[in-house]
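# An overview of the molecular structure
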Protein chains: 2
Amino acid sequence: MQQRHANLRKLAISTAESRIAECGIQGLKARFVAKEIGCSVGTLYNLFKNIDFLIFAVNLKTLSALETLLKHASTSSTTGAQALRSITNTYINFTLSNPNLWLTLFEHQFTNPDDTPQDYYQLRINLFHILEAQVTDIHPNLSAHDIALESRALWAGVHGICMLNITNKLDDDGYTLNDIATTLISKFVGERKEATP
Amino acid sequence: MQQRHANLRKLAISTAESRIAECGIQGLKARFVAKEIGCSVGTLYNLFKNIDFLIFAVNLKTLSALETLLKHASTSSTTGAQALRSITNTYINFTLSNPNLWLTLFEHQFTNPDDTPQDYYQLRINLFHILEAQVTDIHPNLSAHDIALESRALWAGVHGICMLNITNKLDDDGYTLNDIATTLISKFVGERKEATP
DNA sequence: CGCCTGCATTGAACTGTGTTCACTGAGGAA
DNA sequence: TTCCTCAGTGAACACAGTTCAATGCAGGCG
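Please read these numbers as outputs of a predicted model, since none were measured by experiment.

## Some details on the protein's contact with DNA strand D
Taken together, 14 residues surround DNA strand D, and among them A:Ala30, A:Arg31, A:Tyr45, B:Arg4 and B:Thr43 come closest. Here the atoms of DNA strand D within 4 Å of the protein split so that 57% fall in sugar or phosphate, with bases taking the remainder. Here a phosphate oxygen of DNA strand D and a backbone polar atom of A:Ala30 are 2.9 Å apart. One of the backbone nitrogen or oxygen atoms of A:Ile51 is found 3.1 Å away from a phosphate oxygen of DNA strand D. If you list the elements that add at least two residues to the surface near DNA strand D, you get helix H2 (30-37) of chain A together with helix H3 (41-47) of chain B. The leading source of residues in the surface near DNA strand D is H3(B), at three residues. In terms of residue class, the surface near DNA strand D is built from six nonpolar, four polar and four charged.

Printed below as a string of structure tokens:
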């Protein structure tokens, strides 16, 4: 039945999600998920063409959750600078609270790139626009092209800091994620740093 | 014999290196390397405790090559700002010329973190100091602590840009790696951007 | 009601890969 | 010559993702 199909799919995604959150992407096994949701591996492969697609569905949920948080951070601030700080802090906190889910967004290479659903790109673009809108607010005199570059540089920078932090290539030397991020962000915002929540 | 042992090890590392360079880390197989260097898998496992250690040896070579390049970039510049641009450009070009080798430096999670040889950390610290020295040169009035933060923010930023670029999460929208990197770096150097080699 | 058909479900089997380990044989010592 | 040692071997094991022939169930038909 179609209903059972849809329910099983949701169940599989939830199971995969918590498994990844707990054990990382390498802890996700087809047999485990199948057993957990009470079906055979064969059925799981009817629900998802392959494991990539299951991971993908989890990634969509992760991106979606992140989008909600970032939108909230963006709209609940009064100034552009404040919003930008709030957005980046929210992002950083998300990576700290959900390291494995966040890592899975990037760690996993799709076997066949053409498989990548369009939703994914769209959602990523949406996220990016939240940031870009605030950069525009801060620098009303910059061209669209420069805004785009500025936003991408900031985004990539924050991304790099979070990535190095989570893969333990950053803070084993005593400088914290938040301090480094604040240093980066202040370059883009122009104001001096403040304490992080 | 000890000699043969050492030779085989070198051969294995070279083979793994070119294999990774060509096919990525997922293209590296124990059986392939063993066959290529003319020994059995068993012997390969006498040379390296496990595949991680082989990958590791390749990573050391990669870091070492990178160090040579960055040192050269650093010393062949006259001003600190010029050196910083040269260093980051060299780094970026390295990631473009050796995407798979560079990715392997970060992509691969050691199964057992305690296995990580000390050399590795040391080499990474060395690389970092090359950058830090130039940041110090540019901002002679900053405290050591601020220099450290500044350097780490810049390094993480460049890293993030390269990573997003290589994993195709950046330039599918028309903004190039070099433009974005230049935008980032100019925030740290203070001068305006110039053409990239 | 019994039979048939289509299709979701199953799980054994296949494939590929890292890793192990009992065996082998070459080379040196006695 | 005989024995010992140990590096080298590759068959075998463990464990994953993935497939597919067989199964059985639900619903329609006579």
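## Concerning the protein's contact with DNA strand C
Taken together, 15 residues surround DNA strand C, and among them A:Arg4, A:Thr43, B:Lys29, B:Arg31 and B:Tyr45 come closest. A share of 57% of the atoms of DNA strand C within 4 Å of the protein falls on sugar and phosphate groups. At 3.3 Å, a side-chain N or O of A:Arg31 approaches a base nitrogen of DNA strand C. In the model, a phosphate oxygen of DNA strand C is placed 2.7 Å from a nitrogen or oxygen of the A:Thr43 side chain. Secondary structure elements with two or more residues in the surface near DNA strand C: helix H3 (41-47) of chain A together with helix H2 (30-37) of chain B. A per-element tally of the surface near DNA strand C places H3(A) first, with four residues. Counted by class, the surface near DNA strand C contains six nonpolar, five polar and four charged residues.

## Considerations on the side chain of B:Thr167
Tracing the backbone through its elements, the reader meets B:Thr167 in the loop between helix H8 (144-166) and helix H9 (177-189). A residue is classified by how much of its surface remains accessible, and B:Thr167, at 12% relative accessible area, is buried. In this structure the side chain of B:Thr167 is engaged in a polar contact, spanning 2.8 Å, whose partner is the backbone oxygen of B:Met163. Here B:Leu164 takes part through its backbone oxygen, which lies 3.5 Å from a polar atom of the side chain of B:Thr167. Beyond its immediate chain neighbours, meaning those up to four positions away, B:Thr167 contacts A:Gln109 and B:Leu103.

## With respect to the interface of chain B and chain A
Contact with chain B, which involves 35 residues of that partner, is made by 34 residues of chain A. Ranking the residues of chain B by area buried against chain A places B:Lys169, B:Tyr175 and B:Lys187 at the top, with a combined share of 21%. There are two salt bridges connecting chain B and chain A. Where chain B packs against chain A, one counts two residue pairs in polar contact (both at pLDDT 80 or more). Going through the elements one at a time, helix H6 (99-107), helix H7 (118-138), H8 and H9 of chain B are the ones with two or more residues in the side of chain B that touches chain A. The element that contributes the greatest number of residues to the side of chain B that touches chain A is H8(B), accounting for 15 residues. Here the residues of the side of chain B that touches chain A are counted per class, giving 16 nonpolar, eight polar and 11 charged.

## Regarding the packing of H6(B) against H8(B)
All names here are of chain B. It is the contact of H6 with H8, at a shortest axis distance of 11 Å, that shows an interaxial angle of 120°. By the criterion of interaxial angle, the relationship of H6 to H8 is oblique. For the crossing formed where H6 meets H8, the hand is left-handed. Contacts between H6 and H8 involve Pro 99, Trp 102, Leu 103 and Phe 106 on the former and, on the latter, Trp 155, His 159, Cys 162, Met 163 and Ile 166.

## A look at the pattern of salt bridges
Considering all chains together, one arrives at eight salt bridges over all chains under this definition. Of the charged contacts, one joins A:Glu150 and B:Lys187 as a salt bridge, the two residues approaching to 2.4 Å between their closest N and O atoms. Taken together, the residues span two chains, with A:Glu150 in helix H8 (residues 144-166) and B:Lys187 in helix H9. Since its relative accessible area comes to 8%, A:Glu150 is described here as buried.

## Brief notes about the domain arrangement of chain A
Residues and elements named next belong to chain A. In terms of domain boundaries, chain A breaks down into domain 1 (1-48) and domain 2 (52-189). Spacing between the C-alpha centres of domain 1 and domain 2 amounts to 28 Å. Facing 15 residues of domain 1, the contacting portion of domain 2 comprises 10 residues. In total, domain 1 and domain 2 occlude about 1100 Å² of area from one another, counting both sides; carbon and sulfur atoms represent 77% of this. The tally of links from domain 1 across to domain 2 stands at one salt bridge. Between Glu 17 and Lys 61 there is a salt bridge, with the nearest N and O atoms lying 2.8 Å from each other. Viewed at the interface, domain 2 and domain 1 are joined by three residue pairs in polar contact (both at pLDDT 80 or more). No other element matches the 10 residues that helix H1 (residues 2-23) contributes to the side of domain 1 that touches domain 2. Grouping the constituent residues of the side of domain 1 that touches domain 2 by class yields 10 nonpolar, two polar and three charged.

Basis of the calculations
Residues numbered from 1 in each chain as written. Chains lettered and ligands numbered in written order. Predicted model: local features only at pLDDT ≥ 70, side-chain atom pairs only at ≥ 80, totals over all residues. Heavy atoms only, no water. Near = heavy atom within 4 Å. Polar contact = N/O pair within 3.5 Å; in protein donor to acceptor, adjacent residues only side chain to side chain. Helix = DSSP H or I, 4+ residues; strand = E, 2+ residues; numbered from the N terminus. Nonpolar A, V, L, I, M, F, W, Y, C, P; charged D, E, K, R; others polar. Buried < 20%, exposed > 50% of the residue type's maximum accessible area, 1.4 Å probe, protein only. Contact = heavy atoms within 4.5 Å. Buried area = accessible area lost by both parts, 1.4 Å probe. Salt bridge = Lys/Arg side-chain N within 4 Å of Asp/Glu carboxyl O. Axes fitted to C-alpha atoms, helices over the stretch in contact; angles between N-to-C directions. Parallel < 35°, antiparallel > 145°, perpendicular 65-115°, else oblique. Left-handed = near helix turned anticlockwise from the far one by under 90°. Domains from an automatic or database assignment.

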